[in-house]
Amino acid sequence: MQRDIRAGQPSDRLEELDALRGLAAFAVLVHHALQLIPRYETPAIAGAGWLRYTMTQLTPLRIVEMGRPAVLFFFVLSGYVLVRALLRNGSPGLGAFAAQRTIRLGLPVAVSVLLSVVLYAAFAEPALPAEWRERSLFTWLEPPTAGQIVSNIALMADNDDMRLNVVLWSLVHEWRMSLLLPLVLLFRGRVALFIAAVLALMAIGIMGGATENRVLLGPQLHSTVAASFYFAGGIGTGAALALALGQDVPRLSPQAMIAAGMATLALFSMSSDLPVYAASALLIVIARQPGWLRDALRSPVLVGLGAISFSLYLVHVPVLVATMHALHDEWPPEAMAAFATLLALAAALPMYRFVEVPSRRLARRVEKRLGRRSFAAPVPRCPAPAPDWAPEGGMPSRVA
């Protein structure tokens, strides 16, 4: 347990997990920035492109090439830190928790959607050439409508409507599933039963039309419900890890660390969601081990990146697409993509300070007012700080 010198009390923040979330958010940013380059294509297996294909599709570098594994990691990490905090502090009750989560996620989401609308009005080129239109990250394919704005802010959009900030697909599922997370406390001491329940939810999602390893939202609103059941596997994996390990993780021997590291790399290299969930759980355990990796992750730069990770995730697509509309005729694609990446990082800073931090404070106040201890929690041995709830998919600024 770290010590917060300013408060004079131990701090239960896990900076190494903040850093991992920041790195995952940066991987998503780079993935989308590369899509702005027309000449950037995944090479065919045959010919001179075989080496690049192998490196980007069959190794952990596919996290950047595909983007999806990083988002799946968000699900697992959010499930872990939220349930870990609930185990430590007890549940405030379903209503209070739902209100806190809705405010915590909803206000930054709303601002990101409105930012996209403003940037569209300022920079969108309606007659964008077809070559660039294909690279627009499925964003701004048509002028925003009032219904689209509302559905995106309310996280009630399907694949066709989520066109103002496409990354919000992950927030749809994380918000829905996290509302029920206090119920996970009913499974304390019953981890196997909880895992069975999570697998059942995934099966229901697949039977409802969610396509394994590819689904995002679905073609219709009811399809998004099936997709949410399917993605319960990610949040459930993190929740199960928290249930099984509690507040601490087992100390691994050097040999076990090597084996876990190799397994993590191998699992992240696979093009299936379930291995990525397993790799994410292993990575959390590895990152929490004392040693050089944890020390490196706790560096100020990476912890700072983790602090703005949720804001970065929310603003980067509108900023990238606006930059592409404004500069595609004037700058080389590679320079434009690099500049857009820097702009997205810069835009995340005011989003974090003026939107995310106030929304977190408001969410805490509402939770405190509505909260009730419906699930008894062990009395901590030392005063515990107020939980710094993590969102998802996105992607909290702090990890509890």
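Predicted model, so just to flag it, every value in this text is computed and none were measured. (Residues numbered from 1 in each chain as written. Predicted model: local features only at pLDDT ≥ 70, side-chain atom pairs only at ≥ 80, totals over all residues. Heavy atoms only, no water.)

## Concerning the nonpolar core
Within the largest apolar cluster, 103 residues are counted, with the highest numbers of intra-cluster contacts made by L17, Y80, V83, L181, F231 and I284. With 14 residues, the top contributor of residues to this core is helix α4 (residues 68-89). (Core = buried A, V, L, I, M, F, W, Y, C linked by side-chain atoms within 4.5 Å. Buried < 20%, exposed > 50% of the residue type's maximum accessible area, 1.4 Å probe, protein only. Helix = DSSP H or I, 4+ residues; strand = E, 2+ residues; numbered from the N terminus.)

## Some thoughts on unusual backbone geometry
Its identity is not glycine, yet F138 carries a phi of approximately 60 degrees, on the positive side. Relative to the assigned elements, F138 resides in the loop between α6 (130-133) and α7 (146-153).

## Observations regarding the environment of M177
Topologically, M177 is positioned in helix α8 (residues 168-178). The spatial distance from the C-alpha of M177 to the C-alpha of F75 is 10.0 Å, given a sequence separation of 102 residues. Sequence-distant contacts of M177, defined by excluding residues within four places in its chain, comprise L201, S228, A232 and I235. (Contact = heavy atoms within 4.5 Å.)

## Some remarks on the confidence of the model for the protein chain
When pLDDT drops low, the exact placement of atoms in the prediction is not to be read closely. With 86% of its residues at a pLDDT of at least 70, the protein chain reaches an overall mean of 88. For residues 1-11, every residue scores under 50 in pLDDT, and the model assigns this stretch 20 contacts once sequence neighbours within four places are set aside. (pLDDT = per-residue confidence, 0-100.)

## Focus on the packing of aromatic side chains
This model, assessed by the stated rule, comprises eight aromatic pairs. Judged by centre distance (5.5 Å) and plane angle (85 degrees), the ring pair of Y120 and W140 falls under edge-to-face. In this pair, Y120 sits in helix α5 (residues 94-123) while W140 sits in the loop between α6 and α7, placing the two residues 20 residues apart along the sequence. W140 carries the same exposure label as Y120, and that label is buried. (Phe/Tyr/Trp six-rings, centres within 6.5 Å; stacked < 30°, edge-to-face > 60°.)

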